[in-house]
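If you want the building blocks of each chain, they are given just below.
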Amino acid sequence: MNDAAQPKLLLDPYATWAEREGVPIVEDFGVDLLKVPTAPWPRFGVDGGIVHLKGRGDFVAIFVLDLPPGAQTAPQQHLYEEVVYVLAGHGSTVIDGPHGQHSFEWGPKSLFALPLNARYRHFNSSGRERARLAATNNLPAMLNLFHNEAFVFANGFAFAERHGDARFFAGEGNFVPVRPGRNMWETNFIADLAGFELKAWDRRGAGGSNMMFILADGTMHAHSSQMPIGTYKKAHRHGADFHVFAVTGHGYSLLWYEGDQDFVRVDWRHGVVFAPPDMMFHQHFNTSPQPSRYLAVAMGSLRYPFTTDKRRVFMGMDVSVRDGGCQIEYEDQDPRIHALYLAELAKHGVASEMGKFIKEN
Ligand SMILES: [Fe+2]
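Chains are numbered independently. Their residues run from 1 in the order of the written sequence. Restriction of local features to residues with pLDDT of at least 70 applies here, the model being predicted, together with a cutoff of 80 or more for giving and counting side-chain atom pairs; totals for whole chains, interfaces and linings are based on all residues. For side-chain calculations, the full set of non-hydrogen atoms in the structure is used, while hydrogens and water are omitted.

**Section: the layout of surface pockets**
Formally: Site definitions follow a grid-based scheme: protein atoms alone, a 1 Å grid, a 1.4 Å probe that fits but cannot get out for cavities, and for pockets an open set with protein on both sides within 12 Å along at least five of seven lines, plus lining residues having an atom within 4 Å of a point. Grid points are joined across faces, edges and corners, and a volume is the space filled by probe spheres set on the points. Any residue outside Ala, Val, Leu, Ile, Met, Phe, Trp, Tyr, Cys, Pro, Asp, Glu, Lys and Arg is labelled polar, Gly included; the first ten of those are nonpolar and the last four are charged.
As a volume, the largest pocket reaches approximately 230 Å³. Every residue lining the largest pocket is counted, 15 residues in all, and those nearest its centre are Trp256, Glu258, Gly259, Phe281 and Ile328. In terms of residue class, the lining of the largest pocket is made up of six nonpolar, two polar and seven charged.

This is the structure in C-alpha cells:
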C-alpha cells in the first residue's frame with residue numbers, strides 16, 4: 001500500500017515517540033514509582049521508564065529516571081517543561097544558564113524544575129545507591145502541538161527569563177502572600193519538600209495547610225498540601241491532570257463519579273502517584289501517626305493557568321458545590337466516608353481528630 005491508501009488521521013505523535021523510545025510504559029490508575037520497571041534509555045544514557053496515569057489528561061506524562069551509583073545522564077535540552085521529584089538517592093543537577101552554570105544537590109523528597117529548554121545533566125553522587133527521579137513533564141502537549149521532534153529536542157532558543165534569580169537554584173525563594181490556598185513560593189529548587197513550611201488553608205478542611213509553587217516561571221504547576229494527624233480533607237472535583245505524589249505519612253484516597261454507588265480506592269505512601277480523572281470526586285485521608293503531605297503537579301499554574309478549567313479550579317477549589325463550586329462540605333458527604341475513615345484509623349491505632357469538624361458517633 002502506498003501513502004495515499006493510508007490516510008493520516010487520528011495521529012498521536014507523542015504516543016508514537018514514547019513507543020519508539022523503547023523503555024517500559026506503565027499505564028494505570030495508581031502507580032508505585034519506586035517499583036515501576038526501567039530499562040536502558042539511550043536518550044538519557046541511564047535507565048528509565050514512562051508512566052501514563054489514567055487521569056493524566058492530554059498534556060502531561062511522567063518519566064522515571066533510574067541512575068546507577070556514580071552515573072550521570074547524557075546532556076539534555078528540550079522544549080518542554082519538567083518538574084522533578086526525587087524518589088530516592090542523592091545527587092546533583094547542573095543547569096546551563098544565560099550567565100553561567102548553576103548546580104544544586106538533591107536528596108529524597110527534593111523538588112525542582114528545569115527551566116524551559118535549558119541544557120542540563122543529572123548526576124548520582126553516591127558510589128553505592130541508585131537514584132530515582134520522577135520527572136513530570138508536558139512533552140505530550142508540546143509534541144502533539146508541533147509534531148516535529150527536532151523542533152522540541154534540538155532547538156537552540158534561550159528562554160533567559162525562565163531561570164529567574166540565581167538564588168532560586170540554591171534553594172532560596174520569594175514568598176508571595178496572596179491568601180489561604182493561593183500563597184505562592186517562587187523558586188527553582190526545594191531541597192526538602194517534606195520539611196517545607198506550608199500555610200494554613202482551613203476551607204479545604206480539618207486544619208490543613210498548603211503552598212502553591214511557581215517553579216522556573218513555568219506553566220507547569222506544583223503545590224503541596226498537608227493533613228494533620230487523624231484528619232482528612234473535603235472531597236472535590238476538577239479537570240484531569242493533577243498528578244498527586246505522596247510525600248510524608250500514609251493514607252488512602254477515595255474517588256467516585258457523581259451517582260456512583262462505590263468508591264475507587266488508592267492507598268498511598270511515598271513513591272505512589274495517582275491522578276484524579278476528569279470531574280471525578282476525590283478525597284484524601286491521613287491514616288498515619290504523622291502528618292501526611294502530598295505534592296500535586298499539573299499543566300497550568302497559578303501564575304499561568306493555561307486552561308479555563310485550571311483558572312476555575314484556582315478561583316473556586318474551596319467553594320461548596322451548593323454554591324456553584326467543586327467541593328463537598330463535610331456535612332454533605334456520604335456517611336460511609338466517615339465510618340470507613342474511623343475503621344481505617346483504628347487499624348493503625350490513630351485517634352480521630354475529626355470531632356472538631358464533623359459530628360462523630
Ligand atoms: Fe484535587
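**Thoughts on empty space enclosed by the protein**
We apply this condition: In this text, helices come from DSSP runs of H or I with a minimum length of four residues, and strands from runs of E with a minimum of two, each type numbered from the N-terminal end.
For the coordinates displayed, the defined rule picks out five cavities of 30 Å³ or more. When its volume is computed, the largest cavity comes out at roughly 110 Å³. For the lining of the largest cavity, the secondary structure elements donating two or more residues are strand E17 (220–227), strand E23 (281–286) and strand E24 (292–299). Here the lining of the largest cavity is built from residues that sort into seven nonpolar, seven polar and two charged.

**Observations concerning the coordination of the iron ion**
Tetrahedral coordination by four donors puts the ideal angle at the metal at 109.5 degrees, and octahedral coordination by six puts it at 90 or 180 degrees. This is how the line gets drawn: Note that water is not among the atoms considered, so a metal site may appear incomplete; the donors listed are N, O and S atoms within 2.8 Å of the metal, with 3.2 Å applied to Na, K and Ca. Categorising residues by exposure relies on relative accessible area from a 1.4 Å probe, with only protein chains included: less than 20% of the type maximum marks a residue as buried, more than 50% marks it as exposed, and the intermediate range marks it as partly exposed.
His236 (NE2), His238 (NE2) and His282 (NE2) make up the full set of protein donors to the iron ion, lying at 2.1 to 2.2 Å. Look at where the donors of the iron ion fall in the sequence and you get H-x1-H-x43-H. Linking His236 in strand E18 (residues 235–236) with His282 in strand E23, this pair joins segments that are 46 residues apart in sequence. Each member of the pair His236 and His282 is classed as buried.

**So, the sheet that holds strand E7 (residues 91–97)**
Where we set the bar: For two strands to count as paired, DSSP must find a minimum of two bridges between them. Lines fitted to C-alpha atoms define the axes, with helix axes restricted to the stretch in contact, and inter-axis angles between N-to-C directions lie between 0 and 180 degrees.
Taken in spatial order, the three strands make up an open sheet running E8-E7-E10, and their pairing is antiparallel. Every other strand in the sheet has two partners, leaving strand E8 (100–106) and strand E10 (120–124) as the edge strands with one partner each. Strand-to-strand twist of the sheet, defined as the mean angle between neighbouring strand axes without regard to direction, takes the value 15°. For E7 and E8, the ladder comprises seven bridges, and the chain directions are antiparallel.

**Structural notes on the environment of Arg303**
In plain terms, the rule: Contact definition: two residues touch when any of their heavy atoms are within 4.5 Å. We call two N or O atoms a polar contact when they sit within 3.5 Å, provided that within protein one can donate a hydrogen and the other can accept it, with sequence-adjacent residues counted only if both atoms are side-chain atoms.
Structurally, Arg303 is set in the loop between E24 and helix H4 (308–316). Residue classification places Arg303 among the partly exposed positions, given a relative accessible area of 32%. On a C-alpha basis, the gap between Arg303 and Leu33 in space is 28 Å, while along the polypeptide they are 270 residues apart. Apart from the residues lying within four places of it in its own chain, the contact partners of Arg303 are Glu186, Ile214 and Asp217. In this structure the side chain of Arg303 is engaged in a polar contact, spanning 2.9 Å, whose partner is the side chain of Asp217.

By themselves, these figures tell us nothing about what the structure is for.
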